[in-house]
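A structural walkthrough
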Amino acid sequence: MYYTFNYAKGVLLLFIYRIALRDIERKVREMAKKIASEKLDEEDGSIVIDADEEQATIDDLPGVGPATAEKLREAGFEELLAIAVMSPNELAEQAELGEAVSSKIIQGAKKMANIGGFVSGNKLLERRKEVQKLTSGSAALDELLGGGFETQAIVEVYGEFGSGKTQIGHQLAVNTILPSEQGGFDGEIFYIDTEDTFRPERIAQMAEAVGLDSSVVLDRIHVARAYNSAHQMLLVDEIKKLSKNIDVKLIIVDSLTSHFRAEYVGRGMLATRQQKLNRHLKELKQLSDVHNALVLVTNQVMSKPDAMWGDPTKAIGGHIVGHASTFRLYLRKSKGGRRIARLVDSPNLPEGEAVFTVTAEGLRD
Ligand SMILES: Nc1ncnc2c1ncn2[C@@H]1O[C@H](COP(=O)(O)OP(=O)(O)OP(=O)(O)O)[C@@H](O)[C@H]1O
Ligand SMILES: [Mg+2]
């Protein structure tokens with residue numbers, strides 16, 4: 001009897017002890033999470049309200065059950081902010097919902113979405129001072145871009161086949177490894193290849209031409225082949241994880257749009273495609289800001305046979321890609337193997353053109 005009592009007491013004590021331990025563990029975890037989020041805020045210098053609050057998702061919206069959440073996801077609405085900025089009839093049409101329901105969902109999303117904070121102009125100026133510029137190997141092209149390809153930016157290079165988009169990607173990958181005195185970043189590269197056009201031999205050729213050891217260069221370029229658009233987006237998540245241990249200074253997506261274009265065909269799919277592209281670009285931009293890195297995306301052009309004047313070509317992806325890119329370069333083939341690059345859109349530089357060539361050694365004037 002005495003032993004049974006003691007045994008029961010022991011079990012009870014052990015039980016209480018384990019509960020207490022679990023509670024302490026939970027508190028420590030919460031504290032670590034809070035510290036991490038506070039550190040993040042300090043780093044990016046923005047005013048964030050409720051920074052350590054768990055991010056709400058579309059499943060948390062009032063009146064949204066699993067079926068509606070599924071409909072929203074299928075229509076490409078994965079984020080609250082994307083819903084918050086819609087009008088009820090647009091959302092109703094795109095997600096195949098009733099207009100009253102849509103209106104309620106939008107109201108909820110407006111309350112729950114993280115709209116973002118304000119930062120002082122001085123803080124931004126400080127961030128801008130960290131911007132580094134990468135040489136392309138062509139002085140004319142560098143000058144067009146105000147001294148080279150900038151970090152904290154997405155540069156979109158578009159043009160028809162053979163215009164030199166992939167060549168620019170290869171050259172920038174090599175130059176990223178150069179020390180800063182030679183116009184490089186002395187950093188590493190993530191290369192998302194969607195068309196199977198990454199060529200290590202070409203990298204080696206360009207590396208030797210600038211006096212780098214090709215094997216060292218190839219070691220610092222991390223290449224992944226993306227098999228479809230979903231995979232392409234997952235690879236960006238992978239970069240997020242890997243860049244904790246890798247000093248990433250350049251991220252290339254060649255091509256940004258080919259999978260999206262092939263998979264989302266027709267007018268009915270357009271909204272979904274644009275939303276996915278938008279999210280993809282936002283994630284890339286975030287990486288470029290966090291790591292003070294350059295993001296280079298390439299894009300094809302579609303022929304616009306009805307255009308009577310000007311260049312009958314237009315970049316794929318329309319406004320979304322255009323607005324998300326900080327700089328847009330339009331490439332054209334010219335006589336004698338020359339290429340003409342036109343700076344189409346830039347927040348602080350005038351429009352203009354530069355002529356460069358693609359040689360065996362790489363990009364040159
Ligand atoms: N080793 C080399 N030496 C000289 N020129 C080269 C070399 N390799 C490629 N080029 C030039 O680059 C061109 C190919 O350019 P690139 O592959 O960058 O085109 P792109 O714009 O990416 O086209 P696409 O839309 O098909 O992907 C070739 O036609 C050739 O003129
Ligand atoms: Mg290419």
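Counting from 1, residues in each chain are numbered in the order their sequence is written. Labels follow written order: the first chain is A, the first ligand is 1, and so on. Confidence filtering applies because this is a predicted model: local features only for residues at pLDDT of at least 70, side-chain atom pairs given and counted only at 80 or more, and all residues used for totals across whole chains, interfaces and linings.

1. Some thoughts on helix H13 (residues 270-290)
The helix count covers DSSP runs of H or I at least four residues long, the strand count covers runs of E at least two residues long, and both are numbered beginning at the N terminus. Take the number of residues in a helix, subtract one, and multiply by 1.5 Å to get its expected span. An ideal rise of 1.5 Å per residue puts 30 Å on 21 residues; H13 measures up with 30 Å between its terminal C-alpha atoms. The exposure scheme places C-beta atoms from the backbone and then counts, for each residue, the other C-beta atoms within 10 Å of its own, assigning buried at 20 or more, exposed at 12 or fewer, and partly exposed in between. Among the residues of H13, those classed as buried are Arg 273, Lys 276, Leu 277, His 280, Leu 281, Leu 284 and Ser 288. The buried residues of H13 occupy an angular sector of 130 degrees when projected down its axis, which confines them to one face. Positive backbone phi, approximately 45 degrees, marks Asn 292, located one or two places after H13. Starting at the helix axis, one direction is taken to each C-beta atom, and the arc is that of these directions.

2. A few points about helix H4 (residues 88-95)
Three or more residues of H4 are buried, namely Leu 91, Gln 94 and Ala 95. The buried residues of H4 all sit within an arc of 80 degrees when viewed along its axis, so they share a single face. Placing C-beta atoms from the backbone, we regard two residues as in contact once those atoms come within 7 Å. Those residues of H4 that are buried lie in contact with helix H2 (66-74), helix H3 (80-84), helix H5 (99-112) and H13. Directly after H4, the chain includes Glu 96, whose backbone phi takes a positive value near 55 degrees.

3. Points about the packing of H4 against H5
Two quantities define a packed helix pair, namely the angle between the helix axes and the distance between the axes. As a packed pair, H4 and H5 sit with axes 8 Å apart at the nearest point and diverge in direction by 115 degrees. Our classification of the angle between H4 and H5 gives roughly perpendicular. Crossing handedness for the pair H4 and H5: right-handed. Across the interface between the two elements, Pro 88, Asn 89, Leu 91 and Ala 92 of H4 pack against Glu 99, Ser 102, Ser 103, Ile 105 and Ile 106 of H5. Here, axes are lines fitted to C-alpha atoms. For helices the fit covers the stretch in contact, and angles between N-to-C directions go from 0 to 180 degrees. Note on terminology: angles under 35 degrees are roughly parallel, angles over 145 are roughly antiparallel, angles of 65 to 115 are roughly perpendicular, and the others are oblique. For any pair of crossing helices, the crossing counts as left-handed if the nearer helix is rotated counterclockwise from the farther one by less than a right angle, and right-handed if it is rotated clockwise.

4. Considerations on the pairing of strand S3 (residues 153-159)
With seven of seven residues buried, S3 is to be regarded as a mostly interior element. Alternating positions in S3 separate into two faces, Ala 153, Val 155, Val 157 and Gly 159 on one and Ile 154, Glu 156 and Tyr 158 on the other, with burial throughout.

5. Some thoughts on the site of ligand 1
Ligand 1 sits among 13 residues. The nearest are Phe 161, Lys 165, Thr 166, Gln 167 and Ala 360. Here the shell around ligand 1 gets three residues from one element, more than from any other, and that element is helix H8 (residues 165-177). Each residue gets one label: Ala, Val, Leu, Ile, Met, Phe, Trp, Tyr, Cys and Pro are nonpolar, Asp, Glu, Lys and Arg are charged, and the others, such as Gly, are polar. Across the shell around ligand 1, the residue classes tally to three nonpolar, nine polar and one charged. Each residue gets a C-beta atom placed from its backbone. If that atom is within 6 Å of a molecule or strand, the residue is near it.

6. Brief notes about the nonpolar core
By convention the nonpolar core is taken to be a set of buried residues drawn from Ala, Val, Leu, Ile, Met, Phe, Trp, Tyr and Cys and joined through C-beta atoms within 7 Å. Counting residues in hydrophobic clusters, the biggest one holds 58 residues, and the most contacted among them are Val 155, Ala 173, Leu 250, Ile 251, Ile 252, Leu 294 and Leu 296. Other than its neighbours up to four places away in sequence, Leu 294 contacts Leu 134, Phe 149, Glu 150, Thr 151, Ala 153, Val 155, Lys 249, Leu 250 and Ser 288. One finds Val 64, Leu 80, Ile 83 and Leu 91 within the second-largest nonpolar core, a separate group that totals 13 residues.

7. Looking at the environment of Pro 179
Along the chain, Pro 179 turns up in the loop between H8 and strand S4 (188-193). Pro 179 sits in the exposed class, given 10 other C-beta atoms within 10 Å. With residues near it in sequence (within four places) discarded, Pro 179 still touches Gly 184 and Asp 186.

8. Brief notes about the sheet that holds S4
The pairing criterion is simple: DSSP has to find at least two bridges between the two strands. Read from one edge to the other, the open sheet built from nine strands follows the order S5-S4-S6-S7-S3-S10-S11-S12-S13, with strand pairing classed as mixed. The sheet terminates laterally at strand S5 (221-225) and strand S13 (362-364), the two strands that pair on one side only. Averaged over neighbouring strand pairs, the angle between their axes works out to 25 degrees when direction is ignored. Here five bridges tie S3 to strand S10 (residues 327-333), and the two strands are oriented parallel to one another. Residue Tyr 158 lies in a different strand from S10, and its bridge partner there is Tyr 330. Contacting S3, S4, S5, strand S6 (248-254), strand S7 (294-299), S10, strand S12 (352-359) and S13, H8 crosses the sheet at an angle of about 165 degrees to S6.

9. Observations regarding the packing of H8 against helix H9 (residues 200-209)
Running from amino to carboxyl end, H8 crosses H9 at an angle of 50 degrees, the nearest separation of the two axes being 9 Å. Considered as vectors, H8 and H9 are oriented oblique to each other. Like other packed secondary-structure pairs, H8 and H9 cross with a definite hand, here right-handed. Touching His 170, Gln 171, Ala 173 and Val 174 of H8 are Arg 202, Ile 203, Met 206 and Ala 207, all from H9. Classifying every residue of the contact of H8 with H9 gives five nonpolar, two polar and one charged.

10. A few points about the environment of His 291
Mapped onto the fold, His 291 is located in the loop between H13 and S7. Distance from His 291 to Gln 152, taken between C-alpha atoms, is 7.9 Å for residues 139 residues apart in sequence. Residues in contact with His 291, not counting those within four places in the same chain, are Ser 243 and Val 248.

11. Some thoughts on the confidence of the model for the protein
A residue-level look at the protein finds 81% of positions with pLDDT of 70 or above and a mean pLDDT of 85. Per residue, pLDDT captures the predictor's confidence, and it can take any value from 0 to 100. A low-confidence stretch, residues 34-53 stays under pLDDT 50, and its non-local contacts, those more than four residues away or across chains, total 16 contacts.

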